[in-house]
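# Analysis of the macromolecular model
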Amino acid sequence: MSRRLMLVLAAAVVVAVAVTGGIAIAGGVGGDDQPLTGAPLQKANAAALAHTGGGTVTESEVGDDGAAYDVEVRLANGKTVDVQLDSQYQVIGQEANDDGGAADDDGASGDGAENESD
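Below you will find a few notes about this structure. Bear in mind that the values here come from a model prediction, so they are computed numbers and not experimental data. Residue positions are given per chain, counting from 1 as you read along its sequence in written order. Whole-chain, interface and lining totals are the exception, using all residues; otherwise, since this is a predicted model, local features are given only for residues with pLDDT of at least 70 and side-chain atom pairs are given and counted only at 80 or more. The side-chain quantities take in all heavy atoms of the structure and omit both hydrogens and water.

### Digging into the overall build of the protein
Rules: Runs of H or I in DSSP of at least four residues are treated as helices and runs of E of at least two as strands, each being numbered from the N terminus. We call two residues in contact when some of their heavy atoms are within 4.5 Å. Using the Shrake-Rupley algorithm and a 1.4 Å probe, accessible areas are obtained, with residue cover drawn only from the displayed protein chains.
In terms of helices and strands, the protein carries 3 helices and 4 strands. Scanning the protein from its N terminus toward the C terminus, one meets helices and strands in the order α-α-β-β-β-β-α. Intrachain contacts of the protein at a sequence separation of at least 6 include 34% that bridge at least 24 residues. For the protein, the exposed surface amounts to about 7,900 Å²; the carbon and sulfur share of it is 57%.

What follows is the structure in structure tokens.
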């Protein structure tokens, strides 16, 4: 009977881990963009704007692909760039953001004309 009890307990643990892991995984799917708040938001935005020489921050979030923070900045010319920062708010990368995401929706009519002339 003790062997049977151990098997039942082991099965219960496996089920509990599977259910808990499934919830954690499901929570991360599609919603992995975690916005920054408080001091990290202010520091990340300041570092990104200093790096780009100005502009407007359109999105700040917990980074991925090795970056601690990711800040999207709309430049004066209407283009957007993603600035990747490490945990000390040092720039570790930058890339043009041409995915047509939410940041491009703010000034769609002006951006469309600029894109045609590029």
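### Digging into helix 2 (residues 38-52)
Test applied: Here, expected helix span is obtained from the residue count minus one, scaled by 1.5 Å. Summary of the burial criterion: residues with accessible area below 20% of their type's maximum are buried, those above 50% are exposed, and those between are partly exposed, where the area comes from a 1.4 Å probe applied to protein chains only. Think of the arc as the fan of directions from the helix axis to the C-beta atoms.
Taking 1.5 Å per residue, 15 residues should reach 21 Å; helix 2 reaches 22 Å between its end C-alpha atoms and fits that length. Taken as a whole, helix 2 has its buried residues at Ala44, Asn45, Ala47 and Ala48. Considered in projection along helix 2, the buried side chains sweep an arc of 165 degrees and stay on one side of the axis. Looking at helix 2, the residues exposed on the side facing more than 90 degrees away from the buried face are Gln42 and Ala50. Against the buried residues of helix 2 lie strand 1 (56-62), strand 2 (69-74) and strand 3 (80-85). Following helix 2 by one or two positions, Gly53 has its phi on the positive side, about 80 degrees.

### Focus on the environment of Asp33
The topology assignment puts Asp33 in the loop between helix 1 (2-28) and helix 2. Exposure remark for Asp33: the relative accessible area of 48% places this residue in the partly exposed category. The spatial distance from the C-alpha of Asp33 to the C-alpha of Glu61 is 6.2 Å, given a sequence separation of 28 residues. Those residues within four positions of Asp33 in sequence are excluded, and the remaining contacts are Glu59 and Glu61.

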